[in-house]
Amino acid sequence: ASGKLARPRDLYDPSVGELRDLLEGGDFYPSDAFLRQDLVATLIRLGLQTSLDREGVIKVARSVADMDPSDEKAANRRGTALLRFLDLHYADLTRDVFTQISGAAKTAASGVKTLMGSLMASSKPPPPPPRPPRKDAAAHVSTKGEMTIEAFKELLLQHAWMPVLTKAPVEGLPWTDDRSPLARPSDVRPKEDMWLLSFFMSIVDGEVTSKELRAHFGWNVS
């Protein structure tokens, strides 16, 4: 969209709602001339991404970290979108793909066994098996990229993408002025620690409920 040439596999489908708030156009989407439905369908066949893999998340983190900190609202909005995405999807992004394949194989084998049992028990055609519930939380996450889980975890801590409070949320809280709206996760603590560490560290502007993500940020220890 910035006028530069790009490979379809380096861009994303603008019709995916969950990714729209996260990416906010720019260099992540095809130019407007390619946004017709038939052209988007062609680009998808050529590799246009409809989900974020680990490498894509790090690209977003870099993009957020490179934002002008003086535009506090925009920086907070983008950082918050990434934090929410990670809170929902971090466990899927850091799950070994071989574990996923093994689990899927076991599920398929179980389904085949049940179907064969039904066929042998009755001469009537068996009803179609129920569709498994769609996991919307993981619908737009991919683990097919080349970036390893270890590299992903390390890079996630290196970029200043996390939204943090710029003003003391409570009167009397130890605080310093002129804080940036974004910080590296390694320099941030959750709100429950603010009375202990707010003078020395940034405090996250948001909530993180994922146990795996909190552990990666080191928030399970004081």
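Each remark here, short or long, concerns the structure printed above.
Residues numbered from 1 in each chain as written. Predicted model: local features only at pLDDT ≥ 70, side-chain atom pairs only at ≥ 80, totals over all residues. Heavy atoms only, no water.

## Here we look at the overall build of the protein chain
Phase 1 of the analysis: A tally of helices and strands in the protein chain yields eight helices and four strands.
Phase 2 of the analysis: Starting at the N terminus and walking to the C terminus, you meet the elements of the protein chain as α-α-α-α-α-α-β-β-β-α-β-α.
Phase 3 of the analysis: Out of the 222 residues in the protein chain, the part that is buried amounts to 36%.
Phase 4 of the analysis: Looking at the protein chain alone, contacts between residues at least 24 apart form 66% of all its contacts between residues at least 6 apart. (Helix = DSSP H or I, 4+ residues; strand = E, 2+ residues; numbered from the N terminus. Buried < 20%, exposed > 50% of the residue type's maximum accessible area, 1.4 Å probe, protein only. Contact = heavy atoms within 4.5 Å.)

## Brief notes about the packing of aromatic side chains
Phase 1 of the analysis: Applying the stated criterion to the full structure yields five aromatic pairs.
Phase 2 of the analysis: Residues Trp-161 and Phe-217 carry aromatic rings whose centres are separated by 6.4 Å and whose planes lie at 50° to one another, so their mutual orientation is tilted. Of this pair, Trp-161 sits in the loop between helix H6 (149–158) and strand E1 (162–163) while Phe-217 sits in the segment after helix H8 (211–216), placing them 56 residues apart in sequence. Taken as a pair, Trp-161 and Phe-217 share a single burial class, namely buried.
Phase 3 of the analysis: Residues Phe-199 and Phe-200 carry aromatic rings whose centres are separated by 5.4 Å and whose planes lie at 85° to one another, so their mutual orientation is edge-to-face.
Phase 4 of the analysis: Members of the aromatic cluster, joined through ring pairs, are Trp-161, Phe-217 and Trp-219.
Phase 5 of the analysis: The cationic tip of Arg-179 hangs over the ring face of Trp-175; the distance from NZ or CZ to the ring centre is 3.8 Å. (Phe/Tyr/Trp six-rings, centres within 6.5 Å; stacked < 30°, edge-to-face > 60°. Lys NZ or Arg CZ within 6 Å of the ring centre and 35° of its normal.)

## What to know about the environment of Phe-200
Phase 1 of the analysis: In this structure, Phe-200 sits in the loop between helix H7 (194–197) and strand E4 (202–203).
Phase 2 of the analysis: Residue Phe-200 is classed as exposed on the basis of its relative accessible area, which comes to 68%.
Phase 3 of the analysis: Each C-alpha atom of the pair Phe-200 and Val-188 lies 9.6 Å from the other, and the pair is twelve residues apart in sequence.

## Observations regarding the environment of Glu-192
Phase 1 of the analysis: Structurally, the position occupied by Glu-192 is in the loop between strand E3 (188–189) and H7.
Phase 2 of the analysis: In this structure the side chain of Glu-192 is engaged in a polar contact, spanning 2.4 Å, whose partner is the side chain of Arg-214. (Polar contact = N/O pair within 3.5 Å; in protein donor to acceptor, adjacent residues only side chain to side chain.)

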